[in-house]
Amino acid sequence: MTVSSDFRKGLAKVFVSALLALFLVPAVTFVFSGYVQRDQDAGFLAGVSERIDAERGMSAAEKQARKDYFRLNPPSTICRGTDPAAQHYRDALCDRFSDNWQFDMARRASLWTIVASALLLLAVLGLGALAFADRTLQYASFVAGWRLTTWASAAALAVQGAMAAWLSFWVTAFFFHQYSPKLVLFVGFAVLAGVLVAVAGIFKRVHSQSRAVGELVSEEDAPLLWKRIRHMAERLKTVPPRHIVAGIDANFFVTEAPLAVGDKLLTGRTLFVSLPLLRILDQAEADAVFGHELAHLRGGDTRNSALLGPKLVQFDHYRQAIRAGGLSAVVLPLLDLYRMIFEIALARDSREREFKADRIAARLISPAAIAQSLVKIAAYAQYRAKIEDELFGRNERHDNATLGIASFVAQGLAPYAASDDFVAAMKTANVPHPYDTHPAMPERLRNVGMALKEQDWGGIAVRVPAATWVQQILTADAIEQRLWSDYEQQFAQDHERSLAYRYEPATDAERAVVLQYFPPVVFPLKGDDTVEVSIEGIRTSADETTVFWDAVKGLEFKESSFGNALIVTHPEKNALGLGARTSKIKLGGLKKDKDRFNATVSHYWQRHQIMRAQQQGG
């Protein structure tokens, strides 16, 4: 598996960030506390030497011996000593929470934190390496890494947060002989909030559920297809699927994870088949695809995915909570590093599993059948995505009743396969799959020993099959009609919603679309005054003025006991030319609605920015 240069750069960046997250604060604490201890030692020894020299009745040799003792046992080390003769010395300097005690504890704690961080990093890298070395241990290694990194992140936040709060007091106190209680309290509360977010995220349970858009195909509706699937499973010595689901997505897959289909939750082995793809594959080509999917069941791939998938989802939810948790985000690089290492291992494993499943399908049916099915599926998926992108990019509303994506694809696939763009697109194409990272289609062809000529790909892609398995599914036409109707209706709705972001609007028809999703929203203020947020801008009834969105560069909501206000930063300079011009929208009386107001303002301003960017780009 080749890793792109961008991915390598991203991994290197995350690794460096993880190093900083693990070692920066304890290293600064270690260096700072050591510096202060050396300074305190020097000051203490200078003072002690001066007092010793001032002693009368003490011989020069005795004075030198006492100086040597304090030089060998400075304040920075005396607190860790056990000599009974130095107990009085320790009592004078090492009281709990005394300055000397604090710096000694900070230096020791930071050193052990650095050691623990190094061991944690080695453990993370080791667990990642284990996922590479043995796929059977991937689940165990990920769960171990998940537990280790999440608890270690919470512990790191607590320990390093305490160091940061300590530094926020002592750095200013030592160098400037003053400190800011506000700074100390701010750091302390931020650390506490971050720790609470991290700990809460550990115990939060995420209920993930895979969903497929399709309908069940019973044995009564497709007896020959079920018989064929069971026969192939028997030949591969694996348990056949318990369910077959037919849909219109451009892929085939099997899963052993619970799968929601409509209002049903399917458990056990499920095979998803694509009706549009079954229409272009002959029975041998479709059999090769079925053989490929059944090979995943035989190899335990789906069982591993069913176990690992929910853990990956929960880990990703934890990362998201840490990212959004304020100061907790400082430990995010460690979590990201482990996730990226594991992602590389999973991608490599997925690639190997796909190659193996292709080879099994080639032996079960034929190399030509699996190779031709790969070409047809990749061509259909590429062209369908191209058509849908073009349809979604149009600036006119679609009538979902006459959208006809399926017919667009059916009519245009042959011309597309004969175009100059086709071969170039197919060289980088892969066969889509919802759960795995598949290798590029040309690599898969070479893997099964079929060196198909590039000039032949187009002819294969549009070759009309003599007989298909879709003809053996009695409910296929009805299922496909229902699914395409629902899909195109949702497509048209999503497209219309995107137009609400794209339109300025310039016409009455465009304005009607925008106002459907962005109607004016009025918020009551003090007395009878109101503030209105609309696609034009923000208008207050108190002064009957509107701040138009084009005149906004930045927004900041200010809370005050004298009345809330929205500070607007404008694109132009102020009168003195020393900074951006600002204005204030007074929001007296806006209390309970302030969160909804801020969300509405942000939403409408975002729409305006997207619209302007769309216009400039278009």
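A. Inspection of the overall build of the protein chain at higher detail. Of regular secondary structure, the protein chain possesses 20 helices and 14 strands. A compact globule built from 618 residues should have a C-alpha radius of gyration of about 25 Å, whereas the protein chain, at 34 Å, is more than 25% larger. Dimensions of the protein chain, computed from C-alpha atoms along their principal axes, come out at roughly 120 × 70 × 45 Å. Across the protein chain, the fraction of contacts at a sequence separation of at least 24, relative to all contacts at a separation of at least 6, is 69%.

B. Looking closely at a positive patch on the surface. Side chains of K237, R298, K356, R359 and R363 sit close together on the surface and give a patch of like positive charge. The element best represented in the positive patch is helix 12 (residues 332–364), accounting for three residues. With respect to the helices and strands, the residue K237 is situated in the loop between helix 8 (223–235) and strand 3 (243–247). On the accessibility criterion, K237 (75% relative accessible area) is exposed.

C. Up close: the packing of aromatic side chains. According to the stated counting rule, one finds 28 aromatic pairs in the structure shown. Ring centres 5.5 Å apart and planes at 80° place the aromatic pair F142 and F315 in the edge-to-face group. Taken together, the positions of F142 in helix 6 (residues 138–176) and F315 in helix 11 (residues 301–323) put the pair 173 residues apart, joining distant regions of the chain. The class for F142 is buried, based on a relative accessible area of 0%. Geometrically, the ring pair formed by F169 and Y179 is tilted, given 4.6 Å between the ring centres and 55° between the ring planes. Of this pair, F169 sits in helix 6 while Y179 is found in the loop between helix 6 and helix 7 (181–203), placing the two residues ten residues apart along the sequence. The ring of F30 is capped by R107, whose NZ or CZ atom sits 3.9 Å from the centre of that ring.

D. Representation of the nonpolar core. Of all hydrophobic cores here, the largest spans 70 residues; its most connected members are F252, L278, F290 and M426. For this core, the element with the most residues is helix 13 (residues 367–393), which contributes 13 residues. Dropping the residues within four chain positions of it, F290 is found in contact with L225, I229, M232, F252, L271, V273, L278 and W469. Residues F23, L120, V195 and Y318 belong to the second largest nonpolar core, which totals 37 residues.

E. A look at unusual backbone geometry. The omega angle of the peptide bond from E504 to P505 is 0°, so this bond is cis rather than trans. Mapped onto the elements of the fold, P505 is located in the loop between helix 18 (476–502) and helix 19 (508–517). One non-glycine residue, H177, lies in the positive phi region at around 60°. Phi angles above zero are rare outside glycine, and K237 is one such case at about 55°.

F. Main features of the side chain of D41. Residue placement: D41 occurs in helix 1 (residues 5–54). Despite its burial, D41 pairs with no opposite charge; the closest candidate is R38, at 7.9 Å N-O. With near-sequence residues (within four places) excluded, D41 lies in contact with P74, P75 and S76.

G. Inspection of the sheet that holds strand 7 (residues 270–274) at higher detail. Taking strand neighbours across the sheet as the criterion, the four strands line up as 2-3-7-4 in an open arrangement whose pairing is mixed. On the outer flanks of this sheet lie strand 2 (215–216) and strand 4 (253–255), each paired with one strand and no other. With two bridges connecting them, strand 2 and strand 3 associate as antiparallel partners. When the sheet's bridge partners are listed, E215 is paired in strand 3 with A246.

H. Examining the side chain of T600 more closely. Structurally, the position occupied by T600 is in helix 20 (residues 594–617). Note on T600: relative accessible area 11%, which makes it buried. Within the local environment of T600, its side chain forms a polar contact with the backbone oxygen of R596, the two atoms lying 2.8 Å apart. T600 has contacts with V521, F523 and V533, leaving out every residue within four places of it along the chain.

Parameters and conventions
- Residues numbered from 1 in each chain as written.
- Predicted model: local features only at pLDDT ≥ 70, side-chain atom pairs only at ≥ 80, totals over all residues.
- Heavy atoms only, no water.
- Helix = DSSP H or I, 4+ residues; strand = E, 2+ residues; numbered from the N terminus.
- Rg over C-alpha atoms; globule rule 2.2 N^0.38 Å.
- Contact = heavy atoms within 4.5 Å.
- Patch = residues over 30% accessible without salt bridge, like charges linked within 9 Å, V, L, I, M, F, W, Y side chains within 5 Å.
- Areas by Shrake-Rupley, 256 points an atom, 1.4 Å probe, with all protein chains shown as cover.
- Salt bridge = Lys/Arg side-chain N within 4 Å of Asp/Glu carboxyl O.
- Lys, Arg positive; Asp, Glu negative; His and termini not counted.
- Charge placed at Lys NZ, Arg CZ, Asp CG, Glu CD.
- Buried < 20%, exposed > 50% of the residue type's maximum accessible area, 1.4 Å probe, protein only.
- Phe/Tyr/Trp six-rings, centres within 6.5 Å; stacked < 30°, edge-to-face > 60°.
- Lys NZ or Arg CZ within 6 Å of the ring centre and 35° of its normal.
- Core = buried A, V, L, I, M, F, W, Y, C linked by side-chain atoms within 4.5 Å.
- Pairing = 2+ DSSP bridges.
- Polar contact = N/O pair within 3.5 Å; in protein donor to acceptor, adjacent residues only side chain to side chain.

No statement about biological role is implied by the geometric values presented.
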